[in-house]
Amino acid sequence: MANPRLEQFAKDLHQEVLLRCGENAEPQYREDAFTEYVLELLSEHNEADGAELVESIRWESAGRMPAAKLNAWALSGDGATLDLFVSLYHDSGETTDIGLPETRRQFRLVAGFLKRAREGFHEMMEPSHPAFRVAQQIHEAQESLATVRLFFLTDGIVRSLKGLEEECNEKLGEWDIRYVVWDLDKLSRLRVGHREVIELDFENDYDGPIACLQTRDATGEYRTFLA
């Protein structure tokens, strides 16, 4: 069944991209404009900060080097957290379903760039290459890195993530790899201020409850606990 909210947001998003890069822009530049818009939206809501757009480039697999793609990136000031972004922009202004195989493929592409950077991929690039500095800094930050978040940004609707984390979850060295999807549905809710409910099951996921003290709230609107 059609969702009027998503259909309107898809059209609005498409128009925003056209305003940013023009009607006659090449598909690559439209995808870059889409990525730029989403990064701004995520930054406004503190979902991802300080991300820098990279000219969208894709590499085919070659020997030991996996296929790779990167649209944007961010490295925290202490070098402990790395964010890498890959985008899939349909450029249609319509709602498009994305199945699990395509979602998995996109994550493999951005993970491919991470693996290439870890192995010194920048040494095979010209210093003027758009991704040279990114690959170099990731390679040099290996010792300080603890967490890597891989983001999949799309104007499609991701219908299933079932089993994705189990299939994709891995550690590269000591890095904790996390997978984040921002699709048309999540972006539309974020734009109007609808945040996802975060549920934590301490007993089942963290070996039992934690001790805490309930504090008094003057308004009675929230319950606050100090742990």
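Read on for a plain summary of the structure. (Residues numbered from 1 in each chain as written. Predicted model: local features only at pLDDT ≥ 70, side-chain atom pairs only at ≥ 80, totals over all residues. Heavy atoms only, no water.)

## Section: the environment of His90
Relative to the elements of secondary structure, His90 occurs in the loop between β3 (81-88) and β4 (97-98). For His90, a relative accessible area of 30% puts it in the partly exposed group. Beyond its immediate chain neighbours, meaning those up to four positions away, His90 contacts Thr96, Ile98, Thr154, Asp155 and Gly156. Here the side chain of His90 touches Asp155 through a polar contact of 2.9 Å, side chain to side chain. (Helix = DSSP H or I, 4+ residues; strand = E, 2+ residues; numbered from the N terminus. Buried < 20%, exposed > 50% of the residue type's maximum accessible area, 1.4 Å probe, protein only. Contact = heavy atoms within 4.5 Å. Polar contact = N/O pair within 3.5 Å; in protein donor to acceptor, adjacent residues only side chain to side chain.)

## Side note on the packing of aromatic side chains
Applying the stated criterion across every chain, the model contains six aromatic pairs. Ring centres of Phe85 and Phe151 lie 4.5 Å apart, and the angle between their planes is 20 degrees; on these two criteria the pair is classed as stacked. Placement of the pair is Phe85 in strand β3 and Phe151 in strand β5 (residues 147-154), with a sequence separation of 66 residues. For the residue pair Phe85 and Phe151, the accessibility class agrees, reading buried in each case. Measuring from ring centre to ring centre gives 5.0 Å for Phe107 and Tyr179, while their planes differ by 90 degrees; the resulting arrangement is edge-to-face. A residue pair is termed long-range when its members are at least 10 positions apart, and Phe107 in helix α3 (residues 100-118) and Tyr179 in strand β8 (residues 175-182) qualify at 72 residues. (Phe/Tyr/Trp six-rings, centres within 6.5 Å; stacked < 30°, edge-to-face > 60°.)

## Points about the nonpolar core
Within the largest apolar cluster, 35 residues are counted, with the highest numbers of intra-cluster contacts made by Leu84, Phe113 and Leu150. Counting only elements with at least two residues in this core, the list comes to β1 (52-59), β2 (68-75), β3, α3, α4 (132-140), β5 and β8. Examining the composition of this core, we find that six residues originate from one element, α3, more than from any other. Each residue touching Phe113, except ones within four places of it in the same chain, is listed here: Trp59, Ala68, Lys69, Leu70, Ala131, Val134, Ala135 and Ile138. Core analysis: the next-biggest nonpolar cluster, separate from the first, contains 24 residues, Leu42, Ala72, Ile157 and Trp182 among them. (Core = buried A, V, L, I, M, F, W, Y, C linked by side-chain atoms within 4.5 Å.)

## Remarks on the packing of helix α2 (residues 27-44) against helix α6 (residues 184-191)
Between α2 and α6, the shortest axis-to-axis distance is 10 Å and the interhelical angle comes to 50 degrees. Considering the angle they form, α2 stands oblique to α6. Of the two possible hands of crossing, α2 and α6 adopt the one that is left-handed. Residues Tyr37, Val38, Leu41 and Leu42 of α2 lie in contact with α6, whose contacting residues are Leu187, Leu190 and Arg191. Taken together, the residues that form the contact of α2 with α6 break down as six nonpolar, no polar and one charged. (Axes fitted to C-alpha atoms, helices over the stretch in contact; angles between N-to-C directions. Parallel < 35°, antiparallel > 145°, perpendicular 65-115°, else oblique. Left-handed = near helix turned anticlockwise from the far one by under 90°. Nonpolar A, V, L, I, M, F, W, Y, C, P; charged D, E, K, R; others polar.)

## Regarding the pattern of salt bridges
Following the criterion strictly, the structure yields 15 salt bridges and no others. Here Glu60 ties to Arg58 by a salt bridge, and the two come within 3.9 Å at their closest N and O atoms. Looking at Arg58, the relative accessible area reads 42%, which means it is partly exposed. Between Asp176 and Arg178 there is a salt bridge, with its nearest N and O atoms 3.0 Å apart. One network of salt bridges, with partners in common, ties together Glu16, Arg20, Glu36 and Glu40. (Salt bridge = Lys/Arg side-chain N within 4 Å of Asp/Glu carboxyl O.)

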